[in-house]
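# What the coordinates show
So the chains spell out like this:
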Amino acid sequence: QVQLVESGGGLVQPGGSLRLSCAASGFGFNSWYMSWVRQAPGKGPEWVSTIDTGGRSTRYADSVKGRFTISRDNAKNIVYLQMNSLKPEDTALYYCARVERVGSHGNDEYDYWGRGTQVTVSS
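Read on for an overview of the structure. (Residues numbered from 1 in each chain as written. Predicted model: local features only at pLDDT ≥ 70, side-chain atom pairs only at ≥ 80, totals over all residues. Heavy atoms only, no water.)

Of all six residues that make up strand β8 (residues 78-83), five are buried, and the element is covered over most of its length. Both strand β7 (residues 68-73) and β8 contribute to a ladder of six bridges, which runs antiparallel. Residue pairing across strands places serine 71 opposite tyrosine 80, the latter belonging to β8. Hairpin connection of β7 to β8: four residues between the antiparallel strands, including asparagine 77 at a positive phi of 60°. (Buried < 20%, exposed > 50% of the residue type's maximum accessible area, 1.4 Å probe, protein only. Helix = DSSP H or I, 4+ residues; strand = E, 2+ residues; numbered from the N terminus. Pairing = 2+ DSSP bridges.)

This is the structure in C-alpha cells:
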C-alpha cells in the first residue's frame, strides 16, 4: 500500500532553519511528482512546492520562494524540504503528497497524503 511518512518538524525561532523529510513506500516513487502542502489551524491547505520525477524541475509558492528548497533522493524514496529564514507565518502542519495530476502553479491534484509534521516558528 502507498505510504508517506513525514518527519523533521519542530519548534524553531524566526530566521532559523529546518529540514523536513518524507519517506515513501508502496509505489514506484521515481514515476511520480511529489509536493509539499501546508495547513495552518483553521485555514485551508496551501501548496508549498513541487518536484518532478527526476528532481530536475522544481516549483515554489511565492511565499516561500528563495527560502525553501525541495529535493528528492529516488534511491532512498525520500522527498526533502529544506526551510531557511523561517517566519512565524510558516507555522503549519506540513504534508507530503503524491501528485496524481499536474496542473498549473498551486493547482496540482493529489491522491495520497502523509499524516503531516508540525512546524512551529516562534520566539
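From this point on, the discussion continues.
In this fold, aspartate 52 is placed in the loop between β5 (46-51) and β6 (58-60). Buried within the structure, aspartate 52 lacks any salt-bridge partner; arginine 72 is the closest side chain of opposite charge, at an N-O distance of 5.8 Å. Among the polar contacts made by the side chain of aspartate 52, one reaches the main-chain amide nitrogen of glycine 55 at a distance of 2.8 Å. (Lys, Arg positive; Asp, Glu negative; His and termini not counted. Salt bridge = Lys/Arg side-chain N within 4 Å of Asp/Glu carboxyl O. Polar contact = N/O pair within 3.5 Å; in protein donor to acceptor, adjacent residues only side chain to side chain.)

A word on the state of the cysteines. Summed over all chains, the structure comprises one disulfide. Bridging cysteine 22 to cysteine 96, the disulfide has an S-S length of 2.1 Å. Across the disulfide from cysteine 22 to cysteine 96, rotation about the S-S bond amounts to roughly -75°, and the bridge is consequently left-handed. Of this pair, cysteine 22 sits in strand β3 (residues 18-25) while cysteine 96 is found in strand β9 (residues 92-101), placing the two residues 74 residues apart along the sequence. Each member of the pair, cysteine 22 as well as cysteine 96, is classed as buried. (Disulfide = S-S within 2.5 Å.)

Pairing geometry for strand β1 (residues 3-7) and β3, over five bridges, is antiparallel. Bridge assignment links serine 7 to a residue of β3, and that residue is serine 21. Two strands pair when backbone bridges link them, and β3 and β8 are joined in this way by six bridges, in the antiparallel orientation. Bridged to leucine 20 within β8 is leucine 81.

Turning our eyes to something else, we now look at the packing of aromatic side chains. The final tally for this structure, using the stated rule, is three aromatic pairs. Geometrically, the ring pair formed by tyrosine 95 and tryptophan 113 is edge-to-face, given 5.8 Å between the ring centres and 85° between the ring planes. Placement of the pair is tyrosine 95 in strand β9 and tryptophan 113 in strand β10 (residues 109-113), with a sequence separation of 18 residues. Accessibility expressed as a relative area gives 38% for tryptophan 113, which makes it partly exposed. (Phe/Tyr/Trp six-rings, centres within 6.5 Å; stacked < 30°, edge-to-face > 60°.)

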